[in-house]
Protein chains: 2
Amino acid sequence: MISSIAELIAERMDAMPAGERRAAQTLIANYPLIGLKTVAEFSAAAGVSSPTILRFVARLGFQNYPEFQSTLQDELAAQLQSPATRTLNPPSPGGGATPPMLEATLDNMRETFRHLSDRQLADIAAQLAGRRGKTFLIGGRFTDPLARYMAAHLAIVQPEVFHLAGQESMWRDRLIDMGKRDVLVIFDIRRYQDSLIRFAEKAHQRGVQIVLFTDQWLSPIARFARHVIAGRTAVPSAWDSSAALFVVAEMLIATVTRQLEVEGSRRIRAMEDLR
Amino acid sequence: MISSIAELIAERMDAMPAGERRAAQTLIANYPLIGLKTVAEFSAAAGVSSPTILRFVARLGFQNYPEFQSTLQDELAAQLQSPATRTLNPPSPGGGATPPMLEATLDNMRETFRHLSDRQLADIAAQLAGRRGKTFLIGGRFTDPLARYMAAHLAIVQPEVFHLAGQESMWRDRLIDMGKRDVLVIFDIRRYQDSLIRFAEKAHQRGVQIVLFTDQWLSPIARFARHVIAGRTAVPSAWDSSAALFVVAEMLIATVTRQLEVEGSRRIRAMEDLR
DNA sequence: GGAGCGCTGTATCGTATGTTACGTATTTTG
DNA sequence: CAAAATACGTAACATACGATACAGCGCTCC
């Protein structure tokens, strides 16, 4: 089974004429980036003419150059998105091999945070801690527990935190209470739920600031969101993993708590007195 | 010092208008491949028009789109040629190293799994997948969302999965339905809740098999539990982290799903038909 | 409430890019 | 060694891509 273009080339290289073989070699040498550049650049790097490059990709079975490039890009995307192939990983102490699923989860978290700036986290935390308005949280079928988890914590350090639960009609009616001073935290990963999208749109129209937790393919809600957190979800399982989003949520909780330290601890003490 | 485009974007994202921010987000979400495609494809993915994409790259300081693409390619080339620098020197967009909290969370997971044998996980999964009895899930104040999350998934691949919600009196009465063929999954970390402990004890007396998710100090429920999963919870935050337990839960969900593959997929198909 | 500014999308334009035709060079074969 | 076939590059072509001008719209700030 031939999976990558590199293999395909290696297999047919011998059956190629001299010029095309040079093209093949230069492509392998700096794989796959040369193939993503223009035909002119490729041909210059290989020291052959443009038509030779085109004949080369034609011989590989592609209809035209763009098709060849698309395939290369897809291949690259697969490589980048599953860093499982990465050789360097912190060696698991104790000698026991870490299960693939844990491996993937840890990678997901690292990847997620790699694309998440401190600045962005700080901004979101500030928005949540800024006590000017109310905070609403809601999630989809599988992610609603994350919304609950976050709500459970935030509700302790500050007032006016509401988790939107129950039937759609229930929380849709809560829109009436939302304004531009308020924040709506939404969790939505594939398959994106229409009800949530509609809700987000209406909230957006009312000027509500939306913080979206989604996957790397971005829920359509991203269109309405002030802040978007894109977590990696791919794991060797029948389900997507929300673990990375969970960790981001915990970090936000921690940051918000720290910012509200003074009032927060006062609240907590008052709460304990109430028991 | 700004080395990657991702950093550059993270820094200027806030100063961007809505449309360009959407472009930035989609680029970050599938970094960097979208940026290597044509302007038309990029704009379609971001849900904006082509000129917005061009204004976006212009704002990043590039003279034109090809220049932007070249920079992305160079960056990618550097990454591909030395995969070592990728993990050792993770170019986090914020410019800083991995945040301490993420560091601690990752450590927690590794530690948690180090003390968790495959055998134990397999046993628990078998217990959950063994379809002889019902499955109940419940959690404490902060961990109940984890119970919900697990219940949401398990309920799809097998029947008779119940999350115990609402007031204490509610689920206490459900004890009547529980017997020795049933499994009760409990999440309980500090500060351990009396109500949960009482509930676990009564369930144990009825012969219910208890699977306990707790922290490293072990909830008192451990005494009644058939299986105990002790997750690390310490992080530099005012709160404990449930992330490790979350990951264990996800892994169990995955394993159970795999074991029930045949019946599970039949169930899923039947469910989709019902829509 | 009105005027000004800034952002965004539509439509058009110029051009760089991939593609093809054709002539020359090079190798292969009888 | 000659003749044919294949390979390669030059040059002309068409398409699709990036770039730009302009108008509509919403937003902010007097």
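Every value quoted in this text rests on a predicted model; they were computed, and no experiment measured them.

Asks: How would you summarise empty space enclosed by the protein if you had to cite specific residues and measurements?
Replies: A full pass over the atoms with the stated rule returns 9 cavities of 30 Å³ or more. Of the voids in this model, the second largest cavity is the one considered here, and its volume is about 130 Å³. Considering the residues around the second largest cavity, the lining is formed by 13 residues, among which His 115, Gln 120, Val 228 and Ala 230 of chain A together with Ile 28 of chain B are closest to the centre. Breaking the lining of the second largest cavity down by element, the ones donating at least two residues are strand E5 (227-231) of chain A together with helix H2 (18-29) of chain B. For the lining of the second largest cavity, the residue count by class is 9 nonpolar, 4 polar and no charged.

Asks: Help me get a handle on the pattern of salt bridges, residues and values and all.
Replies: Residue and element names in this part refer to chain A. Inspection of the entire model under this criterion finds 21 salt bridges over all chains. Of the charged contacts in the structure, one is a salt bridge between Arg 198 and Glu 168, with a shortest N-O distance of 3.1 Å. Of this pair, Arg 198 sits in helix H11 (residues 194-205) while Glu 168 sits in helix H10 (residues 168-173), placing them 30 residues apart in sequence. Residue Arg 198 is classed as partly exposed on the basis of its relative accessible area of 39%. For Glu 168, a relative accessible area of 25% corresponds to the partly exposed category. Salt bridges linked by common partners bring Glu 168, Arg 172 and Arg 198 together as one network.

Asks: Could you give an account of the packing of helix H7 (residues 100-114) of chain B against helix H12 (residues 243-259) of chain B, naming the residues involved and the relevant values?
Replies: All names here are of chain B. Viewed as axis vectors pointing N to C, H7 and H12 meet at an angle of 50°, and their least axial separation amounts to 8 Å. Taken together, the axes of H7 and H12 are oblique relative to one another. You can see that H7 and H12 cross each other, and the crossing is right-handed. Touching Thr 105, Asn 108, Met 109, Thr 112 and Phe 113 of H7 are Ala 243, Ala 244, Val 247, Val 248 and Met 251, all from H12. Residue composition of the contact of H7 with H12, grouped by class: 7 nonpolar, 3 polar and no charged.

Asks: So what about the pairing of strand E3 (residues 183-188) of chain B? Which residues, and what values?
Replies: Residue and element names in this part refer to chain B. Of all the 6 residues making up E3, 6 are buried; the element is thus mostly covered by neighbouring parts of the structure. Burial along E3 is two-sided: Val 183, Val 185 and Phe 187 facing one way and Leu 184, Ile 186 and Asp 188 facing the other are all buried. Summarising the sheet, strand E1 (residues 135-139) and E3 pair through 5 bridges and their orientation is parallel. Bridge pairing links Phe 136 to Leu 184 in E3. Direction of pairing for E3 relative to strand E4 (residues 209-215): parallel, over a ladder of 6 bridges. From the neighbouring strand, Val 183 faces E4, where its bridge partner is Gln 209. Assessed by its sense of winding, the connection that carries the chain from E3 through helix H11 (residues 194-205) to E4 is right-handed.

Asks: Break down the protein's contact with DNA strand D for me, citing the residues and quoting the values.
Replies: Residues in contact with DNA strand D amount to 16 residues; listed here are only the nearest, Gly 19 and Thr 52 of chain A together with Val 39, Leu 54 and Asn 64 of chain B. The sugar and phosphate moieties of DNA strand D supply 65% of its atoms located within 4 Å of the protein. Between DNA strand D and Arg 55 of chain A there is a distance of 3.3 Å, counted from a base nitrogen to a side-chain nitrogen or oxygen. Interatomic distance of 2.9 Å between a backbone N/O atom of Val 39 of chain B and a phosphate oxygen of DNA strand D. When residues of the surface near DNA strand D are traced back to their parent elements, those giving at least two are helix H2 (18-29) and helix H5 (50-59) of chain A together with helix H3 (39-46), helix H4 (50-59) and helix H5 (65-81) of chain B. Among the elements that make up the surface near DNA strand D, the one with the highest residue count is H5 of chain A (3 residues).

How each quantity is defined
Residues numbered from 1 in each chain as written. Chains lettered and ligands numbered in written order. Predicted model: local features only at pLDDT ≥ 70, side-chain atom pairs only at ≥ 80, totals over all residues. Heavy atoms only, no water. 1 Å grid on protein atoms, 1.4 Å probe; cavity = no way out; pocket = protein on both sides within 12 Å on 5 of 7 lines; lining within 4 Å. Points joined across faces, edges and corners; volume = space filled by probe spheres on them. Helix = DSSP H or I, 4+ residues; strand = E, 2+ residues; numbered from the N terminus. Nonpolar A, V, L, I, M, F, W, Y, C, P; charged D, E, K, R; others polar. Salt bridge = Lys/Arg side-chain N within 4 Å of Asp/Glu carboxyl O. Buried < 20%, exposed > 50% of the residue type's maximum accessible area, 1.4 Å probe, protein only. Axes fitted to C-alpha atoms, helices over the stretch in contact; angles between N-to-C directions. Parallel < 35°, antiparallel > 145°, perpendicular 65-115°, else oblique. Left-handed = near helix turned anticlockwise from the far one by under 90°. Contact = heavy atoms within 4.5 Å. Pairing = 2+ DSSP bridges. Right-handed = clockwise from strand over helix to strand, strands pointing away. Near = heavy atom within 4 Å. Polar contact = N/O pair within 3.5 Å; in protein donor to acceptor, adjacent residues only side chain to side chain.

Function-wise, these values are silent; they only describe arrangement.
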